[in-house]
Amino acid sequence: MAKQSKPKAKPKGKIIEFKPEKKKTKPNYTPSQKKAQEKVKKVNLLAVEEIYNAGKVGKKSPTWGEALRKASKKVYK
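In this text the structure is predicted, and so the values were computed from the model without any measurement.

Rules of the game
Residues numbered from 1 in each chain as written. Predicted model: local features only at pLDDT ≥ 70, side-chain atom pairs only at ≥ 80, totals over all residues. Heavy atoms only, no water. Helix = DSSP H or I, 4+ residues; strand = E, 2+ residues; numbered from the N terminus. Buried < 20%, exposed > 50% of the residue type's maximum accessible area, 1.4 Å probe, protein only. Contact = heavy atoms within 4.5 Å. Areas by Shrake-Rupley, 256 points an atom, 1.4 Å probe, with all protein chains shown as cover. Expected span 1.5 Å × (residues − 1). Axes fitted to C-alpha atoms, helices over the stretch in contact; angles between N-to-C directions. Parallel < 35°, antiparallel > 145°, perpendicular 65-115°, else oblique. Left-handed = near helix turned anticlockwise from the far one by under 90°. Nonpolar A, V, L, I, M, F, W, Y, C, P; charged D, E, K, R; others polar.

1. Here we look at the overall build of the chain
If you tally the helices and strands in the chain, you get two helices and zero strands. Within the chain, buried positions represent 8% of all 77 residues. Counted over contacts in the chain with a minimum sequence separation of 6, partners at least 24 positions apart contribute 47%. Accessible surface for the chain amounts to roughly 8,400 Å². Of this, 58% is attributable to carbon and sulfur atoms.

2. Quick look at helix α1 (residues 31-57)
With 27 residues, α1 extends 39 Å between its outermost C-alpha atoms, agreeing within 8% with the 39 Å of an ideal straight helix rising 1.5 Å per residue. Of all the residues in α1, the buried ones are Val 43, Ala 47 and Ala 54. In this fold, the buried residues of α1 make contact with α2 (64-76). Just downstream of α1 lies Gly 58, where phi reads positive at about 105°.

3. Structural notes on the packing of α1 against α2
Here α1 crosses α2 at 130°, and the two axes come no closer than 8 Å. Considered as vectors, α1 and α2 are oriented oblique to each other. When you trace α1 past α2, the crossing you get is right-handed. Contact with α1, carried on its side by Ala 36, Lys 39, Val 40, Lys 42, Val 43, Asn 44, Leu 46, Ala 47, Val 48, Glu 50 and Ile 51, involves Trp 64, Ala 67, Leu 68, Lys 70, Ala 71, Ser 72, Lys 74, Val 75 and Tyr 76 of α2 and no other residues of that element. In terms of residue class, the contact of α1 with α2 is built from 13 nonpolar, two polar and five charged.

Okay, here's the thing in structure tokens:
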């Protein structure tokens, strides 16, 4: 008797090919956008300083929202 060979199993999933990632380019900001970003950074820095100084002195530490409101008033007005 001759041996019968089993049929080979077909792959069920799709073969995924490796594609190298595209390099991300940095966005180009307009001068007005850069100025706005600088103001936001100043507001955040002032808010952090206020919370830090309150804890340092021993006062009640303001919430993040309260500190942001005070800092934004200083920067934008």
